[in-house]
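In case you want the letters, here they are:
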Amino acid sequence: MEIPPKSPDGSEKSPQSKELLTSNTASTLCISSRSESVWTSESRSKWDIYHKPVIVVSVGAAVFLFGIVITSLSCIQTENKNVYKMCGPAFLSLGLMLLVCGLVWIPIIRKKQKQRQKSQFLQTLKSFFFNR
């Protein structure tokens, strides 16, 4: 007969208790899910929906403007010109990347919202016809 391995703290646990500890129930899935709006029917405000892309766009625009300032300093300043020439384009590209990512993220969220509304509408129709 096999002896089950002991846990690091020295206590022995049965296989049934291990299964109970690692099993996921619907309530824990609801809590740990990435999008809680799938599980709840409450409507969310525009800020709750769009706050992440707005923050990414804002940070991207700020970094892009900082890159413009640093790049223009390389033209005006005579000392540390190589540092400005290296850092300026790096901030320009990083800011532009964040700006574009945030601007592309907004239509993706809108499309998901429309799909979710259609899905909820179809769920209500299905429940209406099948619950009769």
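Quick look at the structure, then. Just so it is clear, the structure is predicted and the values come from calculations on it, not from any experiment.

Cut-offs and rules
- Residues numbered from 1 in each chain as written.
- Predicted model: local features only at pLDDT ≥ 70, side-chain atom pairs only at ≥ 80, totals over all residues.
- Heavy atoms only, no water.
- Helix = DSSP H or I, 4+ residues; strand = E, 2+ residues; numbered from the N terminus.
- Polar contact = N/O pair within 3.5 Å; in protein donor to acceptor, adjacent residues only side chain to side chain.
- Contact = heavy atoms within 4.5 Å.
- Patch = residues over 30% accessible without salt bridge, like charges linked within 9 Å, V, L, I, M, F, W, Y side chains within 5 Å.
- Areas by Shrake-Rupley, 256 points an atom, 1.4 Å probe, with all protein chains shown as cover.
- Salt bridge = Lys/Arg side-chain N within 4 Å of Asp/Glu carboxyl O.
- Buried < 20%, exposed > 50% of the residue type's maximum accessible area, 1.4 Å probe, protein only.

Our focus in this paragraph is the side chain of serine 74. Positionally, serine 74 belongs in helix H3 (residues 46-76). Here the side chain of serine 74 touches threonine 71 through a polar contact of 2.5 Å, landing on its backbone oxygen. Setting aside residues no more than four positions away along its own chain, serine 74 makes contact with Lys81, Tyr84 and Lys85.

With that settled, the discussion passes to a nonpolar patch on the surface. A contiguous nonpolar surface patch, about 420 Å² in accessible area, is contributed by Leu96, Val100, Val104, Trp105 and Ile108. Here valine 100 shows up in helix H4 (residues 81-130). Residue valine 100 is classed as partly exposed on the basis of its relative accessible area, which comes to 43%.

Note on placement: valine 69 falls in helix H3. When its relative accessible area of 44% is taken as the criterion, valine 69 is described as partly exposed. Separated by 15 residues in sequence, valine 69 and tyrosine 84 place their C-alpha atoms 9.5 Å apart.

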